[in-house]
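In case you want the letters, here they are:
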Amino acid sequence: MAPGVRLVQKVSSTRAFARIAPHLVPAMDRTVHRLTRGRVLLSAQMLPGVVLTVPGARSGQLRTTPLACMPEHGDGGGGGQGKGDPGSWILVGSNFGRTGHPAWTSNLLAHPEAAVISWKGRDIPVRASLLAGAERAAVWETALRFWPPYAAYQARIDREIRLFRLERRDDSG
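Predicted model only: the values in this text are computed from it and were never measured.

Turning our attention to the overall build of the protein chain. Secondary structure summary: the protein chain contains five helices and seven strands in total. Residues counted as buried form 43% of the 173 residues belonging to the protein chain. Considering only contacts within the protein chain whose residues lie at least 6 apart along the sequence, 64% involve residues at least 24 apart. Total accessible area on the protein chain is roughly 9400 Å²; 55% of this is exposed by carbon and sulfur atoms.

Time to look at the side chain of threonine 65. With respect to the helices and strands, threonine 65 occurs in strand E2 (residues 62-68). The contact partners of threonine 65, leaving out residues within four places of it in the chain, are Arg30, Val50, Val51, Leu52 and Trp104.

Take a nonpolar patch on the surface next. There is a patch of nonpolar side chains on the surface, built from Ile20, Leu24 and Met28 and spanning about 280 Å² of accessible area. Tracing the backbone through its elements, the reader meets isoleucine 20 in helix H2 (residues 15-35). We classify isoleucine 20 as exposed; its relative accessible area is 51%.

Time to look at the pattern of salt bridges. Going through the model one piece at a time under the given rule, you end up with four salt bridges. We note a salt bridge from glutamate 160 to arginine 136, for which the minimum N-O separation is 3.4 Å. Taken together, the positions of glutamate 160 in the loop between helix H5 (149-156) and strand E7 (162-168) and arginine 136 in helix H4 (residues 133-146) put the pair 24 residues apart, joining distant regions of the chain. Residue glutamate 160 is classed as exposed on the basis of its relative accessible area of 53%. Look at arginine 136 and you get buried, because its relative accessible area is 7%.

Moving on: the nonpolar core. Among the nonpolar cores identified, the biggest contains 17 residues, and Leu52, Trp89, Leu91, Leu108, Ile117 and Leu166 are the most heavily contacted of them. For this core, the secondary structure elements donating two or more residues are strand E1 (49-55), strand E4 (88-93), helix H3 (103-110), strand E5 (115-119), strand E6 (122-130) and E7. Non-local contacts of leucine 166, meaning those with residues more than four positions away in its chain, are made with Ser88, Trp89, Leu91, Leu108, Ile117, Val126, Arg127 and Ala128. One finds Leu47, Ile90, Val92 and Ile157 within the second-largest nonpolar core, a separate group that totals 15 residues.

Under the definition given, this model contains four aromatic pairs. Measuring from centroid to centroid gives 6.3 Å for tryptophan 140 and tyrosine 150, while their planes differ by 35°, and the two rings are tilted. A residue pair is termed long-range when its members are at least 10 positions apart, and tryptophan 140 in helix H4 and tyrosine 150 in helix H5 qualify at ten residues. Using a relative accessible area of 7% as the deciding quantity, one classes tyrosine 150 as buried. Among the aromatic residues, those joined into a ring-pair cluster are Trp140, Tyr150 and Tyr153.

What counts as what
- Residues numbered from 1 in each chain as written.
- Predicted model: local features only at pLDDT ≥ 70, side-chain atom pairs only at ≥ 80, totals over all residues.
- Heavy atoms only, no water.
- Helix = DSSP H or I, 4+ residues; strand = E, 2+ residues; numbered from the N terminus.
- Buried < 20%, exposed > 50% of the residue type's maximum accessible area, 1.4 Å probe, protein only.
- Contact = heavy atoms within 4.5 Å.
- Areas by Shrake-Rupley, 256 points an atom, 1.4 Å probe, with all protein chains shown as cover.
- Patch = residues over 30% accessible without salt bridge, like charges linked within 9 Å, V, L, I, M, F, W, Y side chains within 5 Å.
- Salt bridge = Lys/Arg side-chain N within 4 Å of Asp/Glu carboxyl O.
- Core = buried A, V, L, I, M, F, W, Y, C linked by side-chain atoms within 4.5 Å.
- Phe/Tyr/Trp six-rings, centres within 6.5 Å; stacked < 30°, edge-to-face > 60°.

Below, the structure is given as structure tokens:
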């Protein structure tokens, strides 16, 4: 692991980062993503990232949120949608270790069939599943290896961090 990654992991585990990052990181990501027509996501320079678009749980209005993700390559490469694309993506509702679930998790719970992600500049319709039980436990262990600061986030809060698996949705008819 590169020394820069370790430094970012250490900084991102702090309470100060949890206060500042939720306001700064998504705004920067949205701006750069828009200016590069979906080709660049700043935070994806450290972790893979997607831009999630899903109707709001109460309003029904489309909500767009840049998020770190954990690609899963379990099906051999993404069903032919793009060379080397993951078969699915894991989203971690850590909210940077702040109290309360992030709003996007409620949106996915309300509209699991209506989500779209932007992955490397391509829009992909996805179906969201909230992970539970043994499946969640196994994915959580993988997530901790993928980004160790998730452990610090979980230790600061008294809620279970939500984990979602996003799988391609075939909208062809």
